[in-house]
Amino acid sequence: MNIYEQLQAVEDRYEELGELLSDPDVVSDTKRFMEFSKEEASIRDTVTTYREYKKVLQNITDAEEMIKDASGDVDLEEMAKQELKDAKTEKEEYEEKLKILLLPKDPNDDKNIILEIRGAAGGDEASLFAGDLLTMYQKYAESQGWKFEVMEASMNGVGGFKEVVAMVSGQSVYSKLKYESGAHRVQRVPVTESQGRVHTSTATVLVMPEIEEVEYDIDPKDLRIDIYHASGAGGQNVNKVATAVRIVHLPTNIKVEMQEERTQQKNRDKAMKIIRARVADYFEQIAQDEQDAERKSTIGTGDRSERIRTYNFPQNRVTDHRIGLTLQKLDTILAGKLDEIVDALVLYDQTKKLEKLNK
């Protein structure tokens, strides 16, 4: 099937979905209605672009006819030639857009994410930097209209984070933040440094798509669930009722503890979201390790210890090492203005996939 047949098939399916979504039987079936709505939304941009592309093709035909019919009218012929030239330029632009739109989509792109940030090498300074990254992603989420909820946090004595886990919910969250997994390096003078020397520290970021229960079923026999009394702030009620939950996935020994909520059920639900994502990610990494060459052809190797970005405070500089992008605007990036980096990473990934497709 060539690209035009593919596009026509997508448009035919889009029109079919429009009819299905107005069918009373579908409207009354919430699950089917949501599935069809999601599918329609996923191909809407492709169909809109394809329809505009067909208009451009018609403009080319009309301009060529006009040139034939000019009958010595120099002005009309010149105008038609200019229209033909413009339409051909548009045609090339639309064809590039459509190639990208037809690239195989990551099935996780529309999902919410579980975001994990940990202070790594550098002691207290690494934990403080983990807090800076948390704030950066939180502000970026706000700019995108996403919901950002800290689910679990372990702080140190200087106000930094040993580890923090957050749920980011909204439209196409994973598609924009999936490139953030890896080691983030910071170069700056720590607040604890009396000699004014620049130190290098790292924090690691892990982005995992939220996995619904229907997508990834964990055998209850593989889980050990412990209920215990929450500790820390919470007033007089904190130790009266056992609300904290610890879930261990026995085959992998992956463990999640949750005590942020006041009820056992809410803590259990949150803990299950995290453990489901972590277990799915664990087995996904094993599968990816078996396809190492394939992973290296995209952005980075996927290695969690791979240094992906450096934040240099003395020079107000951020460098993404995977794509060779350097920006002298560290302050604005840490303020959550990540669009320039995210867009560059998406474009790089799409370009690599197109190159592979054209080989």
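Structure's up top.
Being a predicted model, the structure only gives us computed values, none of them experimental. Every chain's residues receive numbers from 1 upward, in the order its sequence appears when written. Only residues with pLDDT of at least 70 get local features here, since the model is predicted, and only at 80 or more are side-chain atom pairs given and counted; chain-wide, interface and lining totals rely on the full set of residues. Side-chain metrics rest on all non-hydrogen atoms present in the structure, leaving aside hydrogens and water.

A. Examining a negative patch on the surface more closely. Here the term patch refers to residues with relative accessible area over 30% and no salt bridge, with like charges joined within 9 Å and nonpolar side chains (Val, Leu, Ile, Met, Phe, Trp, Tyr) within 5 Å. Per-residue and other accessible areas follow the Shrake-Rupley method at a 1.4 Å probe size, with only the shown protein chains counted as cover for residues. Definition used for salt bridges: Asp or Glu carboxyl oxygen within 4 Å of a side-chain nitrogen of Lys or Arg. His is not counted, nor are the chain ends, whereas Lys and Arg count as positive and Asp and Glu as negative. Think of each charge as sitting on NZ of Lys, CZ of Arg, CG of Asp or CD of Glu. Together, Asp 62, Glu 64, Glu 65, Asp 69, Glu 83, Asp 86, Glu 90, Glu 92 and Glu 93 make up a region of like negative charge exposed at the surface. Of all the secondary structure elements, the ones that give two or more residues to the negative patch are helix H3 (30-68) and helix H4 (74-101). Strands are runs of DSSP state E lasting at least two residues, helices are runs of H or I lasting at least four, and both sets are numbered from the N terminus onward. The element best represented in the negative patch is H4, accounting for five residues. Looking at the secondary structure, you find Glu 93 in helix H4.

B. Just the sheet that holds strand E8 (residues 254-258), in detail. Taken in spatial order, the three strands make up an open sheet running E6-E7-E8, and their pairing is antiparallel. One side of each edge strand has no neighbouring strand; the edge strands of this open sheet are strand E6 (223-228) and E8. Averaged over all pairs of adjacent strands, the angle between their axes in this sheet comes to 15°, without regard to strand direction. Where strand E7 (residues 244-249) lies against E8, five bridges are found, and the strand directions are antiparallel. The partner of Val 245 across the bridge, within E8, is Met 258. Note on pairing: two strands pair once DSSP finds at least 2 bridges between them. Angles run from 0 to 180 degrees between N-to-C directions of axes, and those axes are lines fitted to C-alpha atoms, restricted for helices to the stretch in contact.

C. Region of the structure containing the pairing of strand E2 (residues 147-155). Where E2 meets strand E3 (residues 161-169), eight bridges bridge the pair, whose relative direction is antiparallel. Counted as the bridge partner of Met 155 is Phe 161 from E3.

D. How the structure looks around a nonpolar patch on the surface. Taken together, the side chains of Tyr 282, Phe 283 and Ile 286 make up a nonpolar region of the molecular surface, amounting to roughly 260 Å² of accessible area. In this structure, Ile 286 sits in helix H7 (residues 264-289). The exposure class assigned to Ile 286 is partly exposed, which follows from its relative accessible area of 36%. Relative accessibility decides the category of a residue: with a 1.4 Å probe and only protein chains considered, values under 20% of the type maximum give buried, values over 50% give exposed, and everything between is partly exposed.

E. A look at the environment of Glu 96. Of note, Glu 96 is situated in helix H4. The class for Glu 96 is partly exposed, based on a relative accessible area of 41%. Along the backbone, Glu 96 and Leu 354 are 258 residues apart, and their C-alpha atoms lie at a distance of 9.7 Å.

F. Region of interest: unusual backbone geometry. Positive phi, close to 65°, is recorded for Asn 253, a residue that is not glycine. One non-glycine residue, Asn 316, lies in the positive phi region at around 50°. For Asn 316, the position within the fold is in the loop between strand E9 (307-312) and strand E10 (317-320). Accessibility expressed as a relative area gives 26% for Asn 316, which makes it partly exposed.

G. Up close: the pattern of salt bridges. Evaluated as defined, the whole model comprises 27 salt bridges. For Glu 16, the salt bridge identified is with Arg 13, shortest N-O distance 3.1 Å. In this pair, Glu 16 and Arg 13 both sit in helix H1 (residues 3-20), three residues apart, roughly one turn of the helix. Relative accessible area serves as the criterion here: at 24%, Arg 13 is assigned to the partly exposed category.

H. Representation of the packing of H3 against H4 in the model. One can describe the packing of H3 onto H4 by two numbers: an axis separation of 8 Å at closest approach and a directional angle of 155°. With respect to each other, H3 and H4 are oriented roughly antiparallel. H4 is crossed by H3, and the crossing has left-handed handedness. Each angle is binned into one of four classes, with values under 35 degrees roughly parallel, values over 145 roughly antiparallel, values of 65 to 115 roughly perpendicular, and all other values oblique. Put simply, a crossing is left-handed when the front helix is turned counterclockwise from the back one by less than a right angle, and right-handed when it is turned clockwise.

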